[in-house]
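The lines below spell out each chain.
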Amino acid sequence: MKEKILNCLKLFIVFLKIGAFSFGGGYAMIGIIQNEIVEKRKWIRQSEFFEVVVIAESTPGPISVNVATYVGYKVAGILGSSLATIGLVLPSFVIIFIISLFYDDFIKNEYVMKAFSGIKCGIMVLLLTTVIKLAKKMERGLYFYLAFPIALIIMILFSIFLSDFSWISLILIIIGLIFGIINTALSNKKVKKV
Amino acid sequence: MIFLELFGVFFLIGLFTFGGGYAMIPLIESQVVSRGWISTDALYDFIAVSEVTPGPFAINIATFIGSSQQGFLGALCATLGVVLPSFIVILLLATILRKFSKSKYLSGAIDGVKPIIISLISSTVIMLMVKTFFFGGSSLQSPFVIDRTTIALFLIIFGFVLIYKKVFKKDFNTIGMLIISAIFGLIVF
């Protein structure tokens, strides 16, 4: 029981940190969450993390909220998922609420904007290193070397030429799921023959 | 009842946007702009603010609209509304999926998606960099300008992190790195 409460508290603090330091939206946040949850705390395994991302992407709502709820549930049940979600949302809520009170001054303050521009550079470095790490750790067979570049090119083309391309990522994920299932079915058959 | 309306509108927005983030802008335009809660121009100004403040766009816009309409309580209602659908759907799914967690097909399907997920994250990072370095950060429709200061600062931080890792065999503290970035930002921009 004591351990569970401690875990919940840790979930809250870790997602508070994620909420406070993630810029750049959905997938960018996933990089940071992967860094904190899988690598540093080892709360869930790398393979489970992919499962979490697939679910977060194919359900409604902001991806990072979905990830927080799901990871929280996996680590410490419903209480864990509540605390993780509240932790994630709280920094945005507090920061934007304060900003909204002084909105006109805020958007004109050059020091705030300068500091934020600097932070943005740091965030991009963080994201880039996380993606590289993620790709390095994966098993890279023929499927990876085909699927990764094709999906990447499709995503980039769509984000250049279409303003609303959110559905394309969902389609790519569904195609990936189908490939995965077919592959499992085929290798099952092979095992049976032997 | 305005509080209920704020909650309801953002509940719908949370329920019907997949992929989150800017995918919800069309819905926000049709639901929020049409109610006169924000003008289209102010919405796009706020997107820029949201870029430089942390957290998911959905939460930021819900808190902002709620607060500008009805203060703290309004912000609370709108934010709760936008988060709740995700929270409920994910909890339901998580309890169902727990029963299938040993399934070979589930883990096979996940294996099939892994390279796709990495490409989704990579494309976001690449687009973020392209927009920030060459289009003033907002969108590809903005005029093309090479932002030398930003590129230089990015390369300096990137180089520093790589060298730190080579020398000390561990990652540089994330928050420390971001604080240093903010200080650099104040100096160079």
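Since the structure is predicted, the reported quantities are computational estimates derived from the model, not experimental observations.

**Student:** I'd like a description of the overall build of chain A, backed by residues and values.
**Tutor:** The helix and strand tally for chain A stands at 8 helices and 0 strands. In sequence order, the secondary structure elements of chain A are arranged as α-α-α-α-α-α-α-α. With the C-alpha coordinates aligned to their principal axes, the bounding extent of chain A is approximately 70 × 50 × 30 Å. Put simply, chain A has 194 residues, and 53% of those count as buried. Total accessible area computed for chain A in this model is approximately 9,300 Å², and 71% of it derives from carbon and sulfur atoms. Across chain A, the 20 positively charged side chains and the 11 negatively charged ones have centroids separated by 11 Å.

**Student:** Outline the environment of W167 of chain A, listing residues and values.
**Tutor:** Residues and elements named next belong to chain A. In this structure, W167 sits in helix α8 (residues 166–193). Note on W167: relative accessible area 38%, which makes it partly exposed. The spatial distance from the C-alpha of W167 to the C-alpha of W43 is 30 Å, given a sequence separation of 124 residues. Not counting chain neighbours up to four residues away, the residues in contact with W167 comprise F158 and L162.

**Student:** With reference to specific residues and values, describe the domain arrangement of chain A.
**Tutor:** Residues and elements named next belong to chain A. Domain boundaries in chain A define domain 1 (2–136) and domain 2 (139–194). Measuring from the centre of the C-alpha atoms in domain 1 to the corresponding centre in domain 2 gives 26 Å. Of the residues lining the interface, 6 residues belong to domain 1; the matching set on domain 2 comes to 6 residues. Buried area between domain 1 and domain 2, summed over both chains or domains, comes out near 480 Å², and the portion from carbon and sulfur atoms is 67%. Three residues stand out in domain 1 for area buried against domain 2, namely V54, E57 and A135, and they jointly supply 68% of the buried area on that side. Linking domain 1 to domain 2 there are 0 salt bridges. On the surface where domain 1 and domain 2 come into contact, there are 1 residue pair in polar contact (both at pLDDT 80 or more).

**Student:** Summarise the interface of chain A and chain B; cite the residues concerned and give the values.
**Tutor:** With 91 residues of chain A at the interface, the matching set in chain B holds 83 residues. Carbon and sulfur atoms supply 81% of the area that chain A and chain B bury against each other, a total of about 8,300 Å² over both sides. Three residues stand out in chain A for area buried against chain B, namely Y73, F93 and M124 of chain A, and they jointly supply 8% of the buried area on that side. Linking chain A with chain B are 1 salt bridge, by the criterion used here.

The rules behind these values
- Once a new chain begins, its residue numbering starts again from 1 and follows that chain's sequence as written.
- For this description, chains carry letters from A and ligands carry numbers from 1, given in the order in which they are written.
- Reporting in this predicted model follows two pLDDT cut-offs: at least 70 for local features of residues, and 80 or more for side-chain atom pairs to be given and counted; totals over whole chains, interfaces and linings ignore these cut-offs and use all residues.
- Hydrogens are left out, water is left out, and the side-chain values use all remaining heavy atoms of the structure.
- Here a strand is any run of E in DSSP of at least two residues, a helix any run of H or I of at least four, and the numbering for each starts at the N terminus.
- When a residue's accessible area, from a 1.4 Å probe over protein chains only, is under 20% of the maximum for its type it is buried; when over 50% it is exposed; and in between it is partly exposed.
- Reported accessibility uses the Shrake-Rupley method at a 1.4 Å probe radius. Residues are deemed covered only where the shown protein chains occlude them.
- Here the positive residues are Lys and Arg and the negative ones are Asp and Glu; neither His nor the chain ends is included.
- A charged residue contributes its charge at one atom only: NZ of Lys, CZ of Arg, CG of Asp or CD of Glu.
- Contacts are assigned to residue pairs that have any heavy atoms within 4.5 Å of one another.
- How far each domain reaches was decided by an automatic or database domain assignment.
- Accessible surface is computed with a 1.4 Å probe, and the buried area is the amount of it that two parts give up when combined, taken over both parts together.
- Whenever a carboxyl oxygen of Asp or Glu lies within 4 Å of a side-chain nitrogen of Lys or Arg, that contact is scored as a salt bridge.
- Here a polar contact means two N or O atoms within 3.5 Å. Within protein one must be a hydrogen donor candidate and the other an acceptor candidate, and residues neighboring in sequence count only if both atoms are side-chain atoms.

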